[in-house]
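Here is what each chain is made of, one letter per residue.
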Amino acid sequence: MTRNFLLASVAAILPAAASAEAVLQINSSLPEGSFAHVFLQEYETRVEAAAPGEIDVQIFMSNTLGKEEDVLQGLSLGTHHASLSASAVSQINSRTAIFDLPYLFEDRAAVQAFAASPAGEMLADGFDGTGMVLAAMWDNGFRQITNKVRPIVVPADLEGLKIRTPTSKQRVEMFNTLGANATPLSFGEVYSALDQGTIDGQENPANVVDTAKLYEVQGYMSLSNHVYLPTFLVFGEPFLASLDPALKETVMSVAQDVAPWTFEWGENTDKETIAALADKMEINEIDFAAFQAASAPLYASPTFVDVIGEDMIAATKAALGIE
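All of the points below concern the structure found in this document. As the structure is a computational prediction, the values presented were derived from the model and not from experiment.

### Considering helix α3 (residues 68-77)
Listed in full, the buried residues belonging to α3 are E68, V71, L72, G74 and L75. Along the axis of α3, the buried residues cluster in a sector spanning 160°; they form a single face. Along α3, exposed side chains directed more than 90 degrees from the buried face belong to Q73 and L77. Those residues of α3 that are buried are in contact with β1 (22-28), β3 (82-85), β4 (132-147), β9 (228-236) and α9 (237-241). Phi turns positive, to about 90°, at G78, one or two residues after α3.

### Quick word on a negative patch on the surface
Together, E121, D125, D128 and E237 make up a negatively charged patch on the protein surface. If you trace the backbone, D128 turns up in the loop between α5 (118-125) and β4.

### Observations concerning the side chain of D157
Take D157: it is sitting in the loop between β4 and β5 (162-165). Of the side chains with opposite charge, R150 lies nearest to the buried D157, which makes no salt bridge, at 4.8 Å. Of the polar contacts made by the side chain of D157, one reaches the backbone nitrogen of V153; its length is 2.8 Å. Aside from chain neighbours lying at most four places away, what touches D157 is R150, P151 and I152.

### Some words on the nonpolar core
In this structure, I98, F99, F105, F114, L123 and L158 are the most contacted members of the largest nonpolar core, which totals 48 residues. Mapped onto this core, the elements with two or more residues apiece are α3, α4 (108-115), α5, β4, α6 (169-177), β9, α12 (302-308) and α13 (310-320). In terms of residues, this core owes the most to one element, β4, which gives five residues. In contact with F105, other than residues within four places in its own chain, are F99, A110, V111, F114, F142, Y228 and L320. With 47 residues, the next largest nonpolar core counts L24, M61, A82 and L194 among its residues.

### Describing the packing of aromatic side chains
Considering all chains together, one arrives at 14 aromatic pairs under this definition. Seen from their ring centres, F39 and W261 are 6.0 Å apart, and the 75° between their planes marks the pair as edge-to-face. Of this pair, F39 sits in helix α2 (residues 35-50) while W261 sits in helix α10 (residues 245-277), and the two are 222 residues apart along the sequence. The class for F39 is buried, based on a relative accessible area of 0%. With a relative accessible area of 25%, W261 lands in the partly exposed category.

### Comments concerning the packing of α4 against α10
In a packed pair of helices, the relevant descriptors are the angle between the two axes and the axis-to-axis distance. Running from N to C, α4 and α10 point in directions that differ by 165°, and their axes come no closer than 11 Å. For the element pair α4 / α10, the angle class is roughly antiparallel. In this structure, α4 meets α10 at a crossing whose hand is right-handed. Along its contact with α4, which presents R108, V111 and Q112, the element α10 presents P260, F263, G266, E267 and D270. Along the lines of polarity and charge, the residues of the contact of α4 with α10 split into three nonpolar, two polar and three charged.

### A short note on the pairing of β9
The element β9 is largely enclosed, with a buried count of nine among its nine residues. Here β9 shows no split at all, with Y228, P230, F232, V234 and G236 on one side and L229, T231, L233 and F235 on the other all buried. Across four bridges, β3 lies against β9 in antiparallel orientation. Paired with S85 across the two strands is F232, which belongs to β9. Relative to β9, β4 is paired through eight bridges, and the arrangement is antiparallel. Looking at the pairing, F142 lines up with Y228 of β9.

### Let's talk about the environment of W265
Its location among the elements puts W265 in helix α10. When its relative accessible area of 23% is taken as the criterion, W265 is described as partly exposed. Considering only alpha carbons, one finds W265 and D139, 126 residues apart in sequence, at a separation of 8.4 Å. Discounting chain neighbours no more than four positions away, the residues touching W265 are F35, V38, F39 and N207.

About the thresholds
Residues numbered from 1 in each chain as written. Predicted model: local features only at pLDDT ≥ 70, side-chain atom pairs only at ≥ 80, totals over all residues. Heavy atoms only, no water. Buried < 20%, exposed > 50% of the residue type's maximum accessible area, 1.4 Å probe, protein only. Helix = DSSP H or I, 4+ residues; strand = E, 2+ residues; numbered from the N terminus. Arc of directions from axis to C-beta. Contact = heavy atoms within 4.5 Å. Patch = residues over 30% accessible without salt bridge, like charges linked within 9 Å, V, L, I, M, F, W, Y side chains within 5 Å. Areas by Shrake-Rupley, 256 points an atom, 1.4 Å probe, with all protein chains shown as cover. Salt bridge = Lys/Arg side-chain N within 4 Å of Asp/Glu carboxyl O. Lys, Arg positive; Asp, Glu negative; His and termini not counted. Charge placed at Lys NZ, Arg CZ, Asp CG, Glu CD. Polar contact = N/O pair within 3.5 Å; in protein donor to acceptor, adjacent residues only side chain to side chain. Core = buried A, V, L, I, M, F, W, Y, C linked by side-chain atoms within 4.5 Å. Phe/Tyr/Trp six-rings, centres within 6.5 Å; stacked < 30°, edge-to-face > 60°. Axes fitted to C-alpha atoms, helices over the stretch in contact; angles between N-to-C directions. Parallel < 35°, antiparallel > 145°, perpendicular 65-115°, else oblique. Left-handed = near helix turned anticlockwise from the far one by under 90°. Nonpolar A, V, L, I, M, F, W, Y, C, P; charged D, E, K, R; others polar. Pairing = 2+ DSSP bridges.

So, to be careful, I would describe these as geometric facts and stop short of saying anything about function.
In structure tokens form, the structure reads like this:
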């Protein structure tokens, strides 16, 4: 009887042990309802379906887990698990600043071709030694310029305008070169700064303008498409090391599987969002040739070349067929 009791006790314990879940917490600076939230929810659904009962994916929007830069630092320390970030990663992996070069990608197909090329591998290798790993590049979108003063058609229209940029030297130099007064701010400060008049405008994908309700404090959106920036899903090495190898593979491979879906979603949503924003803001096209000509010096600027690396720029041009 004693033996049977012990066997029963062990049997009762085993299912509980087998059902123990790993917890994956992912931070994003963007709010609930944003494209980043949609992407992370899709990822959560797919990962938990691929490893049922093995992992609990928890999503934290609006920097709930801390300031974005602090979260990224925490990945290497093991205090945070993962982050879906954009411009902020250039402070950790300077090769990602390749996306700050203006008018580099013509469309999302070119971005995906880059990601699958040796240039994409070179970018991922730039995270070596940082304590974090790039799982996948997801969509974010082509960035547009909004402001409360006037439509932006040619670079001269930016003269005198305080335009918020991410905390990126490359983006700051770009907008200063184009004639604006670039003002770097954390994204969490943008709405209030626009509302209070501390800045005149900002630049972000149309979907961010919509979900962050920037149209409430901006009157004009100019379809500049000046740079394409992806989002980077990055994991801390300590977190990945804590996972069973099979689960680690699932977490990473699903991130790659989600990538094409995000680009398709972004393409469709851009069209719908811009059409909807036309009822809330004045929207205009830009003089592409004028902006392209004004941006040409940036390709030789030390601010870009010294940070990104000539090899990274060359590999990217080769991947995109640019002379």
